[in-house]
Amino acid sequence: MTNIPVWPAKMKREQQKSSKKRRSDFDAALKRDARDAGWRYARGTIFRQSGDWFISFLPSLLWERGAVVHMMVKPMTVDPLFWDIVGLSENRRMPLSFRATGAWVLRPPSTENYVGLDTIDVELLAEDVVDWGHRQMSQILSSISIESMLAALSGNHQVRAYRALAICLHILAKDVDRALELCRLGEPDTSPLMKENGGFTTHNSDGSVSTFLDQARDWIDRQRGEELIVV
C-alpha cells in the first residue's frame, strides 16, 4: 500500500511558497472540474443535492502528492427542521452552500478517505477527487437512509456528541418519544464534544439563554399541541 505523505513539521520559505501556489492551483482546478461535472464549489468544498440528500466533500492536499477528503452526507430536510427549532427559519433562503459551510447547520460524522496518493500533478489530482466523489455518491446514496444514520449514532458517545443531529433525525423518523428522551439526557459530561446544550445556544432578546435541548422540547410540545405530529 502506498505510504500516506505527511506534511513536514517545518518548511523553508521556498517550500511554503510552493505549497501555497500548489493549493491555489488545486482549488482552481477543483472548482472548474467540479462545476463541469455538475457539482458546486464554495470555500474549497464541492457539494450538490441529489434527490432528498445533500452530499459534500472537503479535500485537503497532502505533502507533494495525493489528498485527504472528508465526506459528509445528510438529508435535505434535516437542516430546515433544525432551523425551525432554533428560530432561524429564514436560513431556508440561504444558498445550498450554506449547508456545507454555514455555522448554524447540522454536520453528521464525516468519513476520511485518501485519494490519488500517487498523483503529484494538481490538475490530475483534482480530476481524481471529482471522479472519486461521483463514485462515492452513487455507492452511498444507494443505501443510506435516516434509519441507517441513526444506527450509526447508536453508541452513547456518538449520540451525545451529535445530540442535535440525533434529535432531528428521530423527529424526521416520526420517533418523537425518542427525540424527547435525548433532550432530557442529563448525565455528566465525559468529553468536550458531549455538550449538555446539544451543541447550540441561543441568546434571546430578553437576555436569557436557550439551549438547543430547551428549544427542541418546546418545539415538540408546540407541534403536539397543534396536532402536527402523530405519536
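Residues numbered from 1 in each chain as written. Predicted model: local features only at pLDDT ≥ 70, side-chain atom pairs only at ≥ 80, totals over all residues. Heavy atoms only, no water.

Q: I tried to follow the confidence of the model for the chain on my own but got confused; where do I start?
A: A low pLDDT means the predicted coordinates there should not be read in detail. Predicted confidence across the chain gives a mean pLDDT of 89, with 90% of residues reaching 70 or more. In the predicted structure, residues 187-194 sits below a pLDDT of 50 and forms 15 contacts with residues beyond four places in sequence or in another chain. (pLDDT = per-residue confidence, 0-100. Contact = heavy atoms within 4.5 Å.)

Q: It is not clear to me how the packing of helix H7 (residues 163-172) against helix H9 (residues 212-225) should be interpreted in this structure. Could you clarify?
A: When two helices pack together, their arrangement is given by the angle between the helix axes and by the axis-to-axis distance. Viewed as axis vectors pointing N to C, H7 and H9 meet at an angle of 10°, and their least axial separation amounts to 11 Å. With respect to H9, the axis of H7 lies roughly parallel. For the element pair H7 and H9, the recorded crossing hand is left-handed. In contact with Arg163, Ala164, Ile167, Cys168 and Ile171 of H7, H9 contributes Phe212, Leu213, Ala216, Trp219 and Ile220. Among the residues making up the contact of H7 with H9, the classes are represented as nine nonpolar, no polar and one charged. (Axes fitted to C-alpha atoms, helices over the stretch in contact; angles between N-to-C directions. Helix = DSSP H or I, 4+ residues; strand = E, 2+ residues; numbered from the N terminus. Parallel < 35°, antiparallel > 145°, perpendicular 65-115°, else oblique. Left-handed = near helix turned anticlockwise from the far one by under 90°. Nonpolar A, V, L, I, M, F, W, Y, C, P; charged D, E, K, R; others polar.)

Q: How should the sheet that holds strand E3 (residues 53-61) be read in this particular structure?
A: Strand pairing in a sheet relies on backbone hydrogen bonds. The paired strands run either parallel or antiparallel. If you walk across this open sheet you meet the five strands as E1-E2-E3-E4-E5, and the pairing is antiparallel. The open sheet is flanked by strand E1 (40-42) and strand E5 (111-115), the only strands paired with a single partner. Here the strands of the sheet are splayed against their neighbours by 25° on average, with no regard to which way each runs. Bridge count between strand E4 (residues 67-75) and E5: five bridges; the pairing is antiparallel. By the bridge assignment, Val69 is partnered in E5 with Asn113. (Pairing = 2+ DSSP bridges.)

Q: Help me understand the environment of Arg163, please; the structure alone is not making it clear to me.
A: You can see Arg163 is positioned in helix H7. Here the alpha-carbon distance between Arg163 and Cys183, two residues 20 residues apart in the chain, equals 8.1 Å.

Q: What am I meant to see in the side chain of Gln215 here?
A: Looking at where Gln215 falls in the secondary structure, it is placed in helix H9. In contact with Gln215, other than residues within four places in its own chain, are Ile85, Val86, Thr202 and Ser210.

Q: For this particular structure, what's the right way to read the packing of aromatic side chains?
A: The description of an aromatic ring pair uses the distance of the two centres, along with the angle that the planes make with each other. Scanning the model with the defined rule gives nine aromatic pairs in all. On the basis of an interplanar angle of 20° and a centroid distance of 6.1 Å, the ring pair of Phe82 and Trp104 is categorised as stacked. Here Phe82, found in helix H2 (residues 78-86), pairs with Trp104, found in the loop between helix H3 (98-101) and E5; they are 22 residues apart in sequence, far enough to count as distant. Taking the relative accessible area as the measure of exposure, Phe82 reaches 0% and is therefore buried. Arranged with centres 6.0 Å apart and planes meeting at 50°, the rings of Trp83 and Phe98 form a pair that is tilted. Here Phe98 lies in helix H3 and Trp83 lies in helix H2, a separation of 15 residues in the sequence. Summarising the burial analysis for this pair, Trp83 and Phe98 share the class buried. Site record: aromatic cluster; members linked through ring pairs are Phe82, Trp104, Phe200 and Phe212. Here the basic side chain of Arg48 rests over the ring of Trp39, its NZ or CZ set 5.0 Å away from the ring centre. (Phe/Tyr/Trp six-rings, centres within 6.5 Å; stacked < 30°, edge-to-face > 60°. Buried < 20%, exposed > 50% of the residue type's maximum accessible area, 1.4 Å probe, protein only. Lys NZ or Arg CZ within 6 Å of the ring centre and 35° of its normal.)

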